[in-house]
Structures are given as C-alpha cells and as structure tokens.
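Residue-level structure breakdown
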Amino acid sequence: MEKADELKGIHRSGTNIMSFFDENDQEYELQQQQSLAEIKKDEYLKSVELLKTFIQEKGTKSDLTRILAIGYLIESTDFLNIPLDRKEMLKENMIWCNKQYEKYVDTTK
C-alpha cells in the first residue's frame, strides 16, 4: 500500500501513456471536489428550507422574503468556484439563518 502511495506521487507526464494517467487523476480529483461542493450546497438548501417552514408558520413577511432570497443565492452559487465576495455574503446570511433558527426553535418550546 505504501508503494502505491509513492507511485501516485511521481509525476508521469513524460510519456504519452503516463500523461493519460495524470489526466485521469486530475479528473478524479475534480469530480471529488464537485461532489463535495454539491453536498455542501444541498446541506445549505435543506437548512434554508427548514427555516422557511418555521418562518411561514410564525414569522414575518420580511423574514420570509429574506429566506427566499438566501435560497436563491445558494441555488445560483457555484460552490466549486465560489468568489470571495459571494462566500462572505453566504457566510453573513447563514449566520442570520442560524440566529433566526434559534429564535424560532426557542418559541416552539
């Protein structure tokens, strides 16, 4: 197993057949990153959907409008190539969502 790890670290693009393996490794890594990005996006959307349900039951119209906008923001974001400004915007909005979630969970107890 250790030898396989050592072989994977060797840059093989010196020959045509070996460059094929390098490209396959890069494609595999990209697919893994895309899968992780989609998982993160789905988790955010599920959280927003749950909060939207709470807000529809007991919230204000402005909170509902904001949560819908956050959902659209998440849906339109490419999590694999997320720009820094969009990342900050998502972070701020998810902090707001967490605060709202705590507020609605506390009122249901």
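Now for a quick tour of the structure. (Residues numbered from 1 in each chain as written. Predicted model: local features only at pLDDT ≥ 70, side-chain atom pairs only at ≥ 80, totals over all residues. Heavy atoms only, no water.)

Turning our attention to the environment of Asp78. Here Asp78 shows up in the loop between α3 (61-75) and α4 (84-108). As for Asp78 and Ala37, which are separated by 41 residues in sequence, their C-alpha atoms are 8.0 Å apart. One polar contact links the side chain of Asp78 to the main-chain amide nitrogen of Leu80, over a distance of 3.1 Å. Side chain to side chain, Asp78 and Asn81 meet in a polar contact 3.0 Å long. (Helix = DSSP H or I, 4+ residues; strand = E, 2+ residues; numbered from the N terminus. Polar contact = N/O pair within 3.5 Å; in protein donor to acceptor, adjacent residues only side chain to side chain.)

Quick look at the side chain of Lys41 now. Positionally, Lys41 belongs in helix α2 (residues 16-58). With near-sequence residues (within four places) excluded, Lys41 lies in contact with Ile74, Glu75, Thr77 and Phe79. (Contact = heavy atoms within 4.5 Å.)

What follows is about α3. Since one α-helical turn is 3.6 residues long, residues separated by three or four positions face the same way. Over its 15 residues, α3 runs 21 Å from end to end, which matches the ideal 21 Å to within 8%, given 1.5 Å per residue. Every buried residue of α3 is accounted for by Asp63, Ile67, Ile70, Gly71, Leu73 and Ile74. One face of α3 carries all of its buried residues, which in axial projection span an arc of 160 degrees. Across α3 from its buried face, at more than 90 degrees, point the exposed residues Lys61, Ser62 and Tyr72. (Expected span 1.5 Å × (residues − 1). Buried < 20%, exposed > 50% of the residue type's maximum accessible area, 1.4 Å probe, protein only. Arc of directions from axis to C-beta.)

Inspection of every chain in the model, using the stated rule, returns two salt bridges. Here Lys52 and Glu49 are joined by a salt bridge, their closest N and O atoms 3.5 Å apart. Of this pair, Lys52 and Glu49 both sit in helix α2, three residues apart, which is roughly one turn of that helix. (Salt bridge = Lys/Arg side-chain N within 4 Å of Asp/Glu carboxyl O.)

By volume, the largest pocket is sized at about 220 Å³. Along the walls of the largest pocket sit Leu36, Ala37, Lys40, Tyr44, Phe79, Ile82, Lys87, Leu90, Lys91 and Met94, which together make up its complete lining. In terms of residue class, the lining of the largest pocket is made up of seven nonpolar, no polar and three charged. (1 Å grid on protein atoms, 1.4 Å probe; cavity = no way out; pocket = protein on both sides within 12 Å on 5 of 7 lines; lining within 4 Å. Points joined across faces, edges and corners; volume = space filled by probe spheres on them. Nonpolar A, V, L, I, M, F, W, Y, C, P; charged D, E, K, R; others polar.)

Next up on the list: a negative patch on the surface. On the surface, Glu38, Asp42, Glu43 and Asp78 cluster together to form a negatively charged patch. By the element assignment, Glu38 lies in helix α2. (Patch = residues over 30% accessible without salt bridge, like charges linked within 9 Å, V, L, I, M, F, W, Y side chains within 5 Å. Areas by Shrake-Rupley, 256 points an atom, 1.4 Å probe, with all protein chains shown as cover. Lys, Arg positive; Asp, Glu negative; His and termini not counted. Charge placed at Lys NZ, Arg CZ, Asp CG, Glu CD.)

Soluble, globular proteins show a tendency: their nonpolar side chains are buried together. Core analysis: the biggest nonpolar cluster contains 15 residues, and Val48, Ile67, Ile70, Ile74 and Cys97 have the highest contact counts within it. Secondary structure elements with two or more residues in this core: α2, α3 and α4. Setting aside its immediate chain neighbours within four residues, Ile67 contacts Val48, Leu51, Lys52, Ile55, Trp96 and Cys97. (Core = buried A, V, L, I, M, F, W, Y, C linked by side-chain atoms within 4.5 Å.)

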